[in-house]
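Here's the letter readout for the chains.
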Amino acid sequence: MSENLFIPINETKEEIYNNLLPQVAALIEGENDFIANLANVSAALHETFHWLWVGFYLIKNDELVLGPFQGSIACTRIGYGKGACGTAWKEKKSLLILNVKNFPGHIACNQLSVAEIVVPIFDANQNIIGVLDIDSDKHDELTDVDVFYLGKICQLITNKLSNFFHV
Ligand code: SME
């Protein structure tokens, strides 16, 4: 795979994601190390969208533990049902939080974060294994379009796990 990401300019968000998805698929296709793939996916998303923070939390025992990310240092452990990430884990569904001040129990790892998206990641058997977390310092940056396409990014990760375990 190419180690350079092609990022179109002056395109719609949908076009940027549609351009990014096959590149992410190619990025993780030839590598079976889960952490290496999450590291590159977080870098690809950050390089493309320049969000305040983008990264993964992985379920270990009864907590979410910080995984590969791009951005400033972050909380290392989040309990089940706690904060946005723990809530997405508990509810097994994506969250779009347009104003973190309105989300009860939100965990502020970075005071600059004002909006957030959390997308659950499932394994090949549909068991939740972690979450993808995006933080923004702008109120109008994150939308349903991001939730939709970030779900597709997480599906690529699931597909990769599925292929890996079934070959
Ligand atoms: N805000 C998250 C914590 C993780 S950081 O944003 C990186 C939450 O409420 O779960």
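Scoring rules and cut-offs
All residue numbers refer to positions counted from 1 along the written sequence of the respective chain. In keeping with the predicted nature of the model, local features appear solely for residues at pLDDT of at least 70, side-chain atom pairs appear and are counted solely at 80 or more, and the whole-chain, interface and lining totals rest on all residues. In computing side-chain properties, one takes all heavy atoms of the structure into account and sets aside hydrogens as well as water. Cysteine sulfurs are considered disulfide-paired once they come within 2.5 Å of each other. By definition, any uninterrupted DSSP run of H or I lasting at least four residues is a helix, any uninterrupted run of E lasting at least two residues is a strand, and each is numbered from the N terminus. For the exposure calls, accessible area comes from a 1.4 Å probe over protein chains only, and a residue counts as buried if that area is under 20% of its type's maximum, exposed if over 50%, partly exposed in between. We call a set of buried residues a nonpolar core when its members are Ala, Val, Leu, Ile, Met, Phe, Trp, Tyr or Cys and they connect through side-chain atoms within 4.5 Å of each other. In what follows, residue pairs with any heavy atoms lying within 4.5 Å of each other are defined as contacts. Grid spacing is 1 Å over the protein atoms alone, the probe is 1.4 Å, and a cavity is where that probe fits but cannot get out, while a pocket is an open set with protein on both sides within 12 Å along at least five of seven lines and lining residues have an atom within 4 Å of a point. Grid points are joined across faces, edges and corners, and a volume is the space filled by probe spheres set on the points. The classification used treats Ala, Val, Leu, Ile, Met, Phe, Trp, Tyr, Cys and Pro as nonpolar, Asp, Glu, Lys and Arg as charged, and all other residues, Gly among them, as polar. A molecule or strand has a residue near it when one of that residue's heavy atoms lies within 4 Å. Throughout this description, a polar contact denotes any pair of N or O atoms lying within 3.5 Å of each other; where both atoms belong to protein, one of them has to be capable of donating a hydrogen while the other can accept it, and for residues adjacent in sequence the pair is counted only when both atoms sit in side chains. Computed with the Shrake-Rupley method and a 1.4 Å probe, the accessible areas treat only the protein chains shown as cover for residues. Expected helix span is computed as 1.5 Å times (number of residues minus one). Only strands joined by at least two bridges in the DSSP assignment are considered to pair. Each axis is a line fitted through C-alpha atoms, and for a helix only the stretch in contact is used; angles between axes span 0 to 180 degrees, taken between their N-to-C directions.

A. Highlighting the state of the cysteines. In the structure shown here, the tally under the stated rule is 1 disulfide. Disulfide pairing places Cys75 opposite Cys109 at an S-S distance of 1.9 Å. Judged by the sign of its S-S torsion, about -115°, the bond between Cys75 and Cys109 is left-handed. You can see Cys75 sitting in the loop between strand E2 (63-70) and strand E3 (77-79) and its partner Cys109 sitting in the loop between strand E4 (95-97) and strand E5 (115-122), a full 34 residues away along the chain. Here Cys85 is not disulfide-linked; the sulfur of Cys109 is the nearest cysteine sulfur, at 7.6 Å. Between Cys154, a free cysteine, and Cys85, which holds the nearest cysteine sulfur, the sulfur-to-sulfur gap is 12 Å. Taking relative accessible area as the criterion, Cys154 reaches 3% and is therefore assigned buried.

B. Spotlight on the nonpolar core. Formed by 33 residues in total, the largest nonpolar core has its most connected members in Val41, Leu45, Trp51, Leu132, Ile134 and Leu150. When residues of this core are traced back to their parent elements, those giving at least two are helix H1 (13-29), helix H2 (34-49), strand E1 (53-60), E5, strand E6 (128-136) and helix H4 (144-166). Ranked by residues supplied to this core, first place goes to H4 with 8 residues. If we ignore the near neighbours within four places in the chain, the residues touching Leu150 are Tyr17, Leu45, Trp51, Ile117, Val119, Leu132 and Ile134.

C. Inspection of empty space enclosed by the protein at higher detail. Within this structure, the stated rule accounts for 3 cavities of 30 Å³ or more. If you go around the largest cavity, you meet 17 residues; those closest to its centre are Ile107, Cys109, Glu116, Asp133 and Asp135. Taken together, the elements giving at least two residues each to the lining of the largest cavity come down to E1, helix H3 (83-91) and E6. Per-element tally for the lining of the largest cavity: the top contributor is H3, with 3 residues. Partitioning the lining of the largest cavity into residue classes produces 9 nonpolar, 4 polar and 4 charged.

D. Representation of the site of the ligand in the model. Around the ligand, the structure places 13 residues, and the nearest of them are Ala84, Cys85, Ile107, Glu116 and Asp135. At a separation of 2.8 Å, an oxygen atom of the ligand approaches a polar backbone atom of Ala84. One of the backbone N or O atoms of Ile107 is found 2.7 Å from a nitrogen atom in the ligand. Relative to its unbound accessible surface of 310 Å², the ligand loses 99% to contact with the protein. Mapped onto the shell around the ligand, the elements with two or more residues apiece are E1, H3 and E6. A total of 3 residues in the shell around the ligand trace back to one element, the largest contributor, which is H3.

E. Quick look at H1. With 17 residues, H1 should reach 24 Å at 1.5 Å per residue; the first-to-last C-alpha distance of 24 Å fits that figure. Considered for burial, the residues of H1 that qualify are Ile16, Tyr17, Leu20, Leu21, Gln23, Val24, Leu27 and Ile28.

F. Structural detail: the sheet that holds E1. Ordered by their spatial adjacency, 6 strands build an open sheet running E3-E2-E1-E6-E5-E4, and the pairing between neighbours is antiparallel. The open sheet has two edge strands with one neighbour each: E3 and E4. Here the average twist between neighbouring strands, direction ignored, is 25°. Pairing analysis gives 6 bridges linking E1 to E6, with the strands arranged antiparallel. Residue pairing across strands places Val54 opposite Ile134, the latter belonging to E6. Set on the sheet, H3 makes contact with E1, E2, E3, E4, E5 and E6; between it and E6 the angle comes to about 140°.

By themselves these figures say nothing about function.
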